[in-house]
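Listed here are the chains, written in short residue letters.
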Amino acid sequence: MSYMLLYFPITFIALVVIEMTKRDDPKEILRRSLKDFGVMTGAFLIGGLIIFLINRYL
Amino acid sequence: MLLQTGIVVWLTSGERAKVPLLGNIYLAVSLTGAVAFLSTLYPRLVDLLNAPLRGGLSVGLFLAVVQGALVAAAAYNSKTKKFEAGLLLEKFWVLPAAVAVVVLWLAARAGREDVEAGMRVMHGLASACVMLSIIATVGLAFAVPGGRQVAAYVVGWMVPGAGHFMMGRRHKGLIFFGLLAGVYVFGLFLSNFRMVGFEDNPFYYVGQFGSGLTLLVGGLLEFEKASPRAGLPLSWFDVGLLYVCAAGLLNYIIALNALEIRAPAARGTPSVSAAPEPPATTPPAGGSS
């Protein structure tokens, strides 16, 4: 599981780079990156939870 | 390089009469470099080119002969009934294709007796073509409207963030460089400071060469295959490969973004994409010539 920690920096940096190509305001870049990061991580966790529950109980 | 070629074809499509020579040179070196680079990924290409066609004639020689005939046909002026080299400059496809085929044939001939010698020829040509394409791009920057963006794209491909730096977005360029360098070095650290091998993952292998700098580092590390780092969990190895690849792929986005920067931005002004310039209200000064 430890390698899962490496998901966070690369995903966040990728989102920051993509946002930086679209706008210049640092606060806006950070805000949108964090928002996207939250959505992606949420989807990631929910998906993982669903797979865990299916494997555990079905 | 193929992407570069496509961009320059697009940029020069309406300017052929003005810059046929530079455009041809650029396309020639780009296409040749791309062919040479791809052939280094697939050494079997040399074997294929040396494969006998019929009666001892190799496929490579056959291609060279056909291409020579095509070049001659393209240079022939039916009106004056003479061969005119100048006509080749008007036919953009001829020179790049001719150079690419001749290079392939030369490399195949070198590889017939010694495959490694053929590969060295390919590597040398690919490197030379990269350098020449950069020179030609700089030349195009002065000759073609919008060429400065192309130069920024190429420079941005060579060094992450350098395209933005060149176009006046210095802070952004430095941040891009810092982010990608960090990702790349951390990925290399996880993979024991070796390059991603083709056997590890073909996609990651190509992806890691998303910038000239990573290509240079690969050359300095002698393209040795990556291996798990001692003292770290084995599962981190694949992630290390991903980091190395991600640094290269993200640079493509950054380099392409440099194409969108219209002019060196004054300090504090918003980006072009965020706030496009209003249409001109005064008519342009007419009658330039």
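As shown above, the structure is provided for reference.
What you see is a predicted model, and the numbers here were worked out from it, not measured in a lab.

## Side note on the overall build of chain A
A count of helices and strands for chain A gives two helices and zero strands. Relative to its full complement of 58 residues, chain A shows a buried share of 28%. Carbon and sulfur atoms make up 74% of the accessible area of chain A, which amounts to about 4,100 Å² in all.

## Thoughts on the pattern of salt bridges
All names here are of chain A. In this structure the tally under the stated criterion is six salt bridges over all chains. For Glu-19, the salt bridge goes to Arg-23, with nearest N and O atoms at 2.9 Å. One salt-bridge network, in which partners are shared between bridges, spans Glu-19, Lys-22 and Arg-23.

## Quick word on helix α2 (residues 26–57) of chain A
Residues and elements named next belong to chain A. Between the first and last C-alpha of α2 there are 46 Å, a value that for 32 residues agrees with the 46 Å anticipated at 1.5 Å per step. When α2 is considered as a whole, its buried residues turn out to be Ile-29, Ser-33, Phe-37 and Thr-41. At its buried positions, α2 is contacted by α1 (7–22).

## A short note on a nonpolar patch on the surface
A cluster of nonpolar side chains, contributed by A:Ile46, A:Leu49, A:Ile50, A:Phe52, A:Leu53, A:Ile54, A:Tyr57 and A:Leu58, occupies part of the molecular surface with about 900 Å² of accessible area. With respect to the element layout, A:Tyr57 can be found in helix α2.

Cut-offs used in this document
- Residues numbered from 1 in each chain as written.
- Chains lettered and ligands numbered in written order.
- Predicted model: local features only at pLDDT ≥ 70, side-chain atom pairs only at ≥ 80, totals over all residues.
- Heavy atoms only, no water.
- Helix = DSSP H or I, 4+ residues; strand = E, 2+ residues; numbered from the N terminus.
- Buried < 20%, exposed > 50% of the residue type's maximum accessible area, 1.4 Å probe, protein only.
- Areas by Shrake-Rupley, 256 points an atom, 1.4 Å probe, with all protein chains shown as cover.
- Salt bridge = Lys/Arg side-chain N within 4 Å of Asp/Glu carboxyl O.
- Expected span 1.5 Å × (residues − 1).
- Contact = heavy atoms within 4.5 Å.
- Patch = residues over 30% accessible without salt bridge, like charges linked within 9 Å, V, L, I, M, F, W, Y side chains within 5 Å.

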